[in-house]
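What follows is each chain in one-letter form.
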Amino acid sequence: MQHTVPISIDVVSDVVCPWCYIGLKRLDAAMAQAQEVPVDVRWRPYQLDATIPPEGRDRRQYMLAKFGSEEKLREIHARVAEAGRSAGIDFAFDAIKVSPNTLDAHRLIRWAASAEGNRQTEVKKRLMQAYFEEGRNVGDRAVLIDIAREAGMDAAVVEALLASDSDIAETRGEIETAQQMGVTGVPCYLLEGRYAVMGAQDPAVLADAIRQISAAKARGELGSAA
C-alpha cells in the first residue's frame, strides 16, 4: 500500500449553484472512499452573477430570462433533481422565490473559517441546504445570522460584521483571482493549490485524484507550492 500524507483541497463554488451542492456531496463521498488520506477542505468564493442587486431578483423571472422558456427550465431542473437524488439532495426548486446576491453569504463562509472549531464546511453545507431544500433567501442578512447561529458561530459578531464593509474587498479579490486562474465554471477543486478538477465529478474520480496527489506528495514529487 502506498504511503499517503495529508492534502489540501480548495473548492471554488457558489452557494446558489446546484451543481456545486451536488459537488459538495460527491466530495464528501470521495473523502469517505479515500478515508486513509486526511483532507483539509477550504471553501473559496465564486459568484455566478455578481450583478444581482443586494435585495435579489424574482427567481422565476430571472431564470426564465436566463433560459428562455418554462419547458427549458423544467428540463434543467429535472436533470439536476435526478443527479441530486443520487447524492442525497432533495431539490425544492419551486420553493425558491428569490435569486440572491451571494456576496454576504461568501463573507459569512470566510468568517466561519476563523470561528472556534472552524465552522466553514458546516456553514457552507447549511447555506446550500437552506437555499435549495428549504427555499430560504441566503441573500437576506437575517437568514445568514440564523445560519451562523445554527452552526455555532457568535450571531452578534456576525450581525455586526454583516452591517460593516468587512472583507467585501477581500472576498471580491478572491473571486477575481479564481477568474484570473482560468476558473470559468464551478465547482472547481484545486488539490494542493495547483491541480484542478473541474465540475461535479463522480466520487470515484475525486477519490482517485485525492489518492494520487497524496501519494505524489509523499514521494516528494510536487515541489513547493507556487
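Note that the structure is predicted; figures quoted are calculated from it, not measured.

A. Structural view of the layout of surface pockets. By volume, the largest pocket is sized at about 370 Å³. What lines the largest pocket is a set of 24 residues, and nearest its centre among them are Val-16, Pro-18, Leu-48, Met-63 and Lys-66. Broken down by secondary-structure element, the contributors of at least two residues to the lining of the largest pocket are helix 1 (18-33), helix 2 (59-67), helix 3 (70-86) and helix 5 (120-134). Examining the composition of the lining of the largest pocket, we find that 5 residues originate from one element, helix 2, more than from any other. Split into classes, the residues belonging to the lining of the largest pocket amount to 15 nonpolar, 4 polar and 5 charged.

B. Layout of the side chain of Arg-59. For Arg-59, the location among the structural elements is in helix 2. The buried charged residue Arg-59 lacks any salt bridge, with Asp-94 as its nearest oppositely charged partner at 6.8 Å.

C. Structural context of the sheet that holds strand 5 (residues 188-191). As summarised here, the arrangement of the 4 strands in space is 2-1-5-6, forming an open sheet in which the pairing is mixed. Lying at the two open borders of the sheet, with one neighbouring strand each, are strand 2 (39-45) and strand 6 (195-198). Sheet twist, expressed as the mean angle between neighbouring strand axes with direction ignored, is 25°. Judged from the 4 bridges that link them, strand 5 and strand 6 form a sheet pairing that is antiparallel. Within the sheet, the bridge partner assigned to Leu-190 lies in strand 6 and is Ala-196.

Cut-offs applied
- Residues numbered from 1 in each chain as written.
- Predicted model: local features only at pLDDT ≥ 70, side-chain atom pairs only at ≥ 80, totals over all residues.
- Heavy atoms only, no water.
- 1 Å grid on protein atoms, 1.4 Å probe; cavity = no way out; pocket = protein on both sides within 12 Å on 5 of 7 lines; lining within 4 Å.
- Points joined across faces, edges and corners; volume = space filled by probe spheres on them.
- Helix = DSSP H or I, 4+ residues; strand = E, 2+ residues; numbered from the N terminus.
- Nonpolar A, V, L, I, M, F, W, Y, C, P; charged D, E, K, R; others polar.
- Buried < 20%, exposed > 50% of the residue type's maximum accessible area, 1.4 Å probe, protein only.
- Lys, Arg positive; Asp, Glu negative; His and termini not counted.
- Salt bridge = Lys/Arg side-chain N within 4 Å of Asp/Glu carboxyl O.
- Pairing = 2+ DSSP bridges.
- Axes fitted to C-alpha atoms, helices over the stretch in contact; angles between N-to-C directions.

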